[in-house]
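# A look at the structure
Each chain, written out:
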Amino acid sequence: MPSRKFADGEVVMGRWPGGVLYYELQVTGYNDASRVYTLKYEDGTELELKESEIRSQSSFKRRKSQSSSGSPSRRRTSKVQSRSPGRPAKGRRRSSSQGRDHKDDKEKTIQLVLFLFKLSENNTRRYNGEPDSTERNDTSLVSVERNLEPELDVEHEREEKKTKEKIFKTTKTSSKTKELEFGGRIGTFTLIFFLPATVFYLLLMCKQEDPSLMNFPPPLPALESLWETRVFGVFLLWFFLQALFYLLPIGKVVEGLPLSNGRRLHYRINGFYAFVLTAAAIGILLYFQFELHYLYDHFMQFAVSAAAFSMGLSIYLYIQSLKAPEEELAPSGNSGYLVYDFFTGHELNPRIGSFDLKYFCELRPGLIGWVVINLAMLLAEMKIHNQSVPSLSMVLVNSFQLLYVVDALWNEEAVLTTMDITHDGFGFMLAFGDLVWVPFVYSLQAYYLVGHPTAISWPVAAAITVLNCIGYYIFRSANSQKNRFRRNPSDPKLAYLKFIPTATGKGLLVTGWWGFVRHPNYLGDIIMALAWSLPCGFNHILPYFYVIYFICLLVHREARDEHHCKQKYGLAWERYCRRVPYRIFPYIY
């Protein structure tokens with residue numbers, strides 16, 4: 001392997017990313033595998049460059065002397081590469097005092113270029129989402145721009161404008177997705193069939209008298225029994241009822257994070273109002289003796305209807321995404337491979353007018369439907385087993401999961417900063433996940449208890465309740481701490497929090513919950529998932545599928561978050577990982 005060309009501590013000239021200008025940098029590190037150098041500016045800003053983007057200072061000095069002795073046309077050509085933004089045009093004579101003034105202008109203009117690139121870079125990084133590590137906005141650069149702008153002369157303004165155009169042109173250009181997730185094309189093709197098969201397998205197993213893994217495969221029902229037009233009509237009615245609630249002019253309107261083109265989309269926050277209206281509608285149906293356990297009797301048909309609808313919606317989304325501008329495509333779903341982009345989602349924010357399809361499906365039909373299904377299972381248990389009140393196990397499952405859903409809807413605005421909204425496109429993965437996986441797999445414990453009642457004592461119920469409360473406290477307090485710090489890092493109530501500054505102008509929390517483990521909200525999620533399954537007892541592993549799935553899902557998300565954070569924060573993220581070594585489970589992982 002060839003040896004490195006520049007040593008640590010050496011002062012070199014590095015090309016600014018996305019531009020043609022070179023600036024003085026100091027080498028601070030080198031990666032032998034990727035042959036990428038880590039360099040630092042005088043102001044502490046760090047970045048990574050390939051060897052081809054770095055020049056020695058001596059080469060710039062030689063070029064300068066050659067250009068001064070060459071022809072006028074050659075001097076003009078060479079100045080494009082070597083002249084700094086603050087250097088005056090050819091032929092301008094300067095006194096010693098003027099030289100000092102222009103030297104100051106040069107330093108200020110370099111700072112302005114740094115500001116412009118950081119501004120566009122921050123827009124792109126916010127567009128890519130904040131996985132889970134908490135940021136702190138730094139407004140000092142804004143004041144730098146404000147103080148420098150009146151002092152720029154005409155030439156500086158032209159050069160600043162040219163640099164800004166280059167930077168934003170680079171930012172707006174949507175690059176192809178190079179790193180494929182989920183096993184690439186073959187993996188995503190398999191998942192399109194494997195995910196629906198998993199849902200149907202779980203539901204079929206729950207209907208068996210002995211849902212043991214030894215009874216695999218379960219008896220398959222006749223194909224004609226899986227589809228019922230009336231059930232599909234009920235599902236459509238539910239979907240469009242939630243769409244109607246979404247369109248109601250109630251609730252505040254907020255802006256999302258900046259997109260790659262700098263634009264911010266608007267979202268109406270009224271998920272909790274939709275939940276209240278849904279609860280009122282269900283109450284009216286029960287008052288008029290509507291048999292809600294109809295959901296239990298036709299549960300498999302509802303799952304098939306939801307899967308068929310999500311597949312149709314995914315096809316529509318992909319066809320529409322082919323007409324979307326390049327800058328509106330999802331950074332994770334623009335690979336150029338049909339199956340992969342269809343699965344992960346090709347367009348980031350597909351909309352019909354102002355109706356945001358991804359944001360609507362994220363919280364409304366599936367999440368609220370989960371609560372309705374749980375209620376239907378509770379009523380079905382009472383009817384099938386001739387009970388005047390539901391079992392304690394069923395009450396615990398319904399209560400714990402109701403709390404989780406209400407919390408998500410009450411804190412609806414926080415979903416705008418998640419990777420589902422800021423980074424992932426809306427394709428089969430999210431459509432199937434929102435409309436099928438969430439309501440029909442997350443309600444697995446309640447569905448299991450209808451056919452396999454489990455009696456638990458009050459002390460056991462109290463212990464499980466305490467466990468769920470611990471998980472919820474970790475989950476909610478960690479997310480609240482992150483969101484408050486993100487909105488207002490200078491809040492006096494957060495003065496006790498410490499953070500590591502990064503080159504993006506933001507910071508990584510190293511105290512509080514985020515100094516305990518890197519993803520405390522995931523830890524709370526897993527504890528709650530365990531509490532949801534414990535009321536089902538230990539006779540079968542089936543009710544614990546959700547816990548196993550949730551751990552696998554969060555470990556995958558955590559690995560993806562680690563990758564994005566390392567790319568985004570560079571050396572600062574490495575320092576953060578050394579400061580907070582445990583990812584999800586303290587002293588374990």
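Residues numbered from 1 in each chain as written. Predicted model: local features only at pLDDT ≥ 70, side-chain atom pairs only at ≥ 80, totals over all residues. Heavy atoms only, no water.

## Details of the pairing of strand 7 (residues 266-269)
Every second residue of strand 7 is oriented toward a common face, the buried set being Tyr267 and Ile269 and the non-buried set His266 and Arg268. Pairing geometry for strand 6 (residues 252-255) and strand 7, over 4 bridges, is antiparallel. Across the sheet, Val253 pairs through a bridge with Arg268, a residue of strand 7. (Buried < 20%, exposed > 50% of the residue type's maximum accessible area, 1.4 Å probe, protein only. Helix = DSSP H or I, 4+ residues; strand = E, 2+ residues; numbered from the N terminus. Pairing = 2+ DSSP bridges.)

## With respect to the packing of aromatic side chains
Two aromatic rings are characterised by how far apart their centres lie and by the angle between their planes. Per the stated rule, a full pass over the model turns up 37 aromatic pairs. Judged by centre distance (5.3 Å) and plane angle (90 degrees), the rings of Phe239 and Phe360 are edge-to-face. One end of the pair, Phe239, is in helix 7 (residues 229-247); the other, Phe360, is in helix 12 (residues 357-384), and 121 residues separate them in sequence. By relative accessible area, Phe239 is classed as buried at 7%. Their ring planes at 55 degrees and their centres at 6.3 Å tell us that Trp437 and Phe545 sit as a pair that is tilted. (Phe/Tyr/Trp six-rings, centres within 6.5 Å; stacked < 30°, edge-to-face > 60°.)

## Quick word on the UniProt feature "transmembrane region" (unreviewed entry) in the chain
Cross-referencing UniProt, the feature "transmembrane region" (unreviewed entry) maps to residues 182-204, 231-250, 271-290, 302-319, 430-450, 456-475, 496-517 and 537-556 in the present numbering. With 91% helix and 0% strand, residues 182-204 has its two end C-alpha atoms placed 26 Å apart. Helix and strand shares over residues 271-290 are 85% and 0% respectively, and the end C-alpha atoms of the span are 25 Å apart. (UniProt positions renumbered as here; feature names shortened; annotations may be inferred.)

## With respect to helix 13 (residues 392-410)
Here helix 13 spans 27 Å end to end across 19 residues, near enough to the 27 Å set by a 1.5 Å rise per residue. Turning to helix 13, its buried residues are Ser393, Met394, Leu396, Val397, Asn398, Phe400, Gln401, Tyr404, Val405, Asp407 and Leu409. (Expected span 1.5 Å × (residues − 1).)

## A look at helix 20 (residues 571-579)
Looking only at helix 20, the buried set comprises Ala572, Trp573, Tyr576 and Cys577. Viewed end-on, helix 20 has its buried residues packed into an arc of 140 degrees, placing them on one side of the element. Turning to helix 20, the residues buried within the fold contact strand 10 (499-501), strand 11 (507-509) and helix 19 (545-569). (Arc of directions from axis to C-beta. Contact = heavy atoms within 4.5 Å.)

## Overview of the sheet that holds strand 1 (residues 11-15)
The antiparallel open sheet is built from 5 strands, whose spatial order is 4-3-2-1-5. Two strands in the sheet have a free side with no partner beyond their single neighbour: strand 4 (46-50) and strand 5 (54-56). Across this sheet, the average inter-strand angle for adjacent strands is 50 degrees, counted without regard to direction. Of the strand pairs in this sheet, strand 2 (residues 22-31) and strand 3 (residues 36-40) are connected by 5 bridges, and their pairing is antiparallel. Paired with Val27 across the bridge in strand 3 is Leu39. (Axes fitted to C-alpha atoms, helices over the stretch in contact; angles between N-to-C directions.)

## A word on the side chain of Ser305
Tracing the chain through its elements places Ser305 in helix 10 (residues 299-321). Look past the residues within four positions of Ser305 in its chain and what remains in contact with it is Trp227, Val231, Phe232 and Phe235.

## Observations regarding the nonpolar core
With 113 residues, the main nonpolar core has Met377, Phe440, Tyr442 and Phe550 as its most contacted residues. Ranked by residues supplied to this core, first place goes to helix 12 with 16 residues. Each of domain 2 (181-455) and domain 3 (456-588) contributes no fewer than three residues to this core. Apart from residues no more than four positions distant in its own chain, Phe440 is found in contact with Val199, Leu203, Phe299, Phe302, Ala303, Ala306, Ile373 and Leu435. Of all hydrophobic cores here, the second largest spans 16 residues; its members include Leu497, Leu509, Trp514 and Cys565. (Core = buried A, V, L, I, M, F, W, Y, C linked by side-chain atoms within 4.5 Å. Domains from an automatic or database assignment.)

## Quick word on a nonpolar patch on the surface
A cluster of nonpolar side chains, contributed by Leu213, Ile541 and Ile548, occupies part of the molecular surface with about 280 Å² of accessible area. Among the secondary structure elements, Leu213 is positioned in the loop between helix 6 (184-206) and helix 7. Accessibility expressed as a relative area gives 52% for Leu213, which makes it exposed. (Patch = residues over 30% accessible without salt bridge, like charges linked within 9 Å, V, L, I, M, F, W, Y side chains within 5 Å. Areas by Shrake-Rupley, 256 points an atom, 1.4 Å probe, with all protein chains shown as cover. Salt bridge = Lys/Arg side-chain N within 4 Å of Asp/Glu carboxyl O.)

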